[in-house]
Structure formats: C-alpha cells, structure tokens
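Structural characterization, general
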Amino acid sequence: VVDFLRRGGAQDANAADGLGDARRWVLWWGLLGTGAAFIASLGDVSILAKALFFTSLFIGPLLGLFLLAFFRQGLHPRAVLAGAVCGMLTLLLFLEIPILPPGAWQPPFGGLFAWPWNPVLALTATLVWAHAFDLAARLFLHLRQRSDRV
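Computed from a prediction, not measured in an experiment: that's the story for all the values here.

About the cut-offs
- Residues numbered from 1 in each chain as written.
- Predicted model: local features only at pLDDT ≥ 70, side-chain atom pairs only at ≥ 80, totals over all residues.
- Heavy atoms only, no water.
- Helix = DSSP H or I, 4+ residues; strand = E, 2+ residues; numbered from the N terminus.
- Expected span 1.5 Å × (residues − 1).
- Buried < 20%, exposed > 50% of the residue type's maximum accessible area, 1.4 Å probe, protein only.
- Contact = heavy atoms within 4.5 Å.
- Phe/Tyr/Trp six-rings, centres within 6.5 Å; stacked < 30°, edge-to-face > 60°.

**Describing helix H5 (residues 118-149)**
- Between its first and last C-alpha, H5 extends 46 Å over 32 residues, near the 46 Å set by a 1.5 Å rise per residue.
- Within H5, the full set of buried residues consists of Asn118, Leu121, Ala122, Leu123, Ala125, Thr126, Ala130 and Asp134.
- If you follow the buried residues of H5, they end up packed against helix H3 (47-71) and helix H4 (77-91).

Set out below in structure tokens:
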C-alpha cells in the first residue's frame, strides 16, 4: 500500500504521513471486503455459485486484457478497457445475478451455456468489443482529420 501511495505523488511526505495513509487504505479495503461478504451472504444461492459467478465475471476479461496487451499492442488503451467492461456486461445476458432475489433478473439467454463457458464468453466478448471500439475510434479520428482538412 505504501508503494502505491508513494507512486501517487507522496514522495516528499514523511514516514508517519505515509503510514497513516496506508492505515486508512487498509481500513477502507477491510470495510469494503466485509461489506461484500455481508452482501454475498444474502439470498438462497450457495456461496459456491456466487463465487463462480464473480470469478467468471473477471477471469475472461482479465485474460482478454493480457492477450490484447501481448498480441495487439496497436489497440487504443481506452478501447481495450471499454472492451473489458463490455465483456463483463455481456455475461449478464447469460447469467442470473446471484445476490439479487430470485426472479429479479431473468437473463434473455439464461441456461444456454453451462458455467464453465462463462469465462470463454467473457473473453470472446472482450476481444470483440475491444476491436469494435478501436475500429470506431479510428474511424472517428479519420473522419475528424478529413473534415479538418476541408
């Protein structure tokens, strides 16, 4: 935590200030984690189903970020991040949200895929959305440059 805070611009602060900032960050993350645990305890769904849901929500887009970083360096970073967020949101078309009451969200394509496919769906959606956003940004910049010349 101290290294992270030091990188944020607190190089000149003394050690006591840095330790105080680190303690506040640790307290914040502890409260956030405790709140998440209380939310996860709600509902009738098992903790395993909730863990699989949230894990699959992040694993596919994270793998997509790594693949795009290694194999497609030319993509715009904002397009890649937007693709990752859309990859996560795409899963909501296929999955019920386990922390919501039963019936609160009915996915349009629910039950179409078994849970092991969730990261693959999110990965594929991340790759497709990132490329689509990058293409849209390049087209926008091209049209903008073209109109500036006229």
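**Topic: the packing of aromatic side chains**
- Inspection of every chain in the model, using the stated rule, returns four aromatic pairs.
- Judged by centre distance (4.9 Å) and plane angle (80 degrees), the ring pair of phenylalanine 53 and phenylalanine 54 falls under edge-to-face.
- Overall, phenylalanine 53 belongs to the buried group, its relative accessible area being 7%.
- Taking relative accessible area as the criterion, phenylalanine 54 reaches 32% and is therefore assigned partly exposed.
- Here phenylalanine 94 and phenylalanine 113 contribute two aromatic rings whose centre-to-centre distance is 5.5 Å and whose plane-to-plane angle is 65 degrees, an arrangement assigned as edge-to-face. Of the two residues, phenylalanine 94 sits in the loop between H4 and H5 while phenylalanine 113 sits in the loop between H4 and H5, which places them 19 residues apart along the sequence.

Everything listed here is a matter of coordinates, which is why it stays silent on function.
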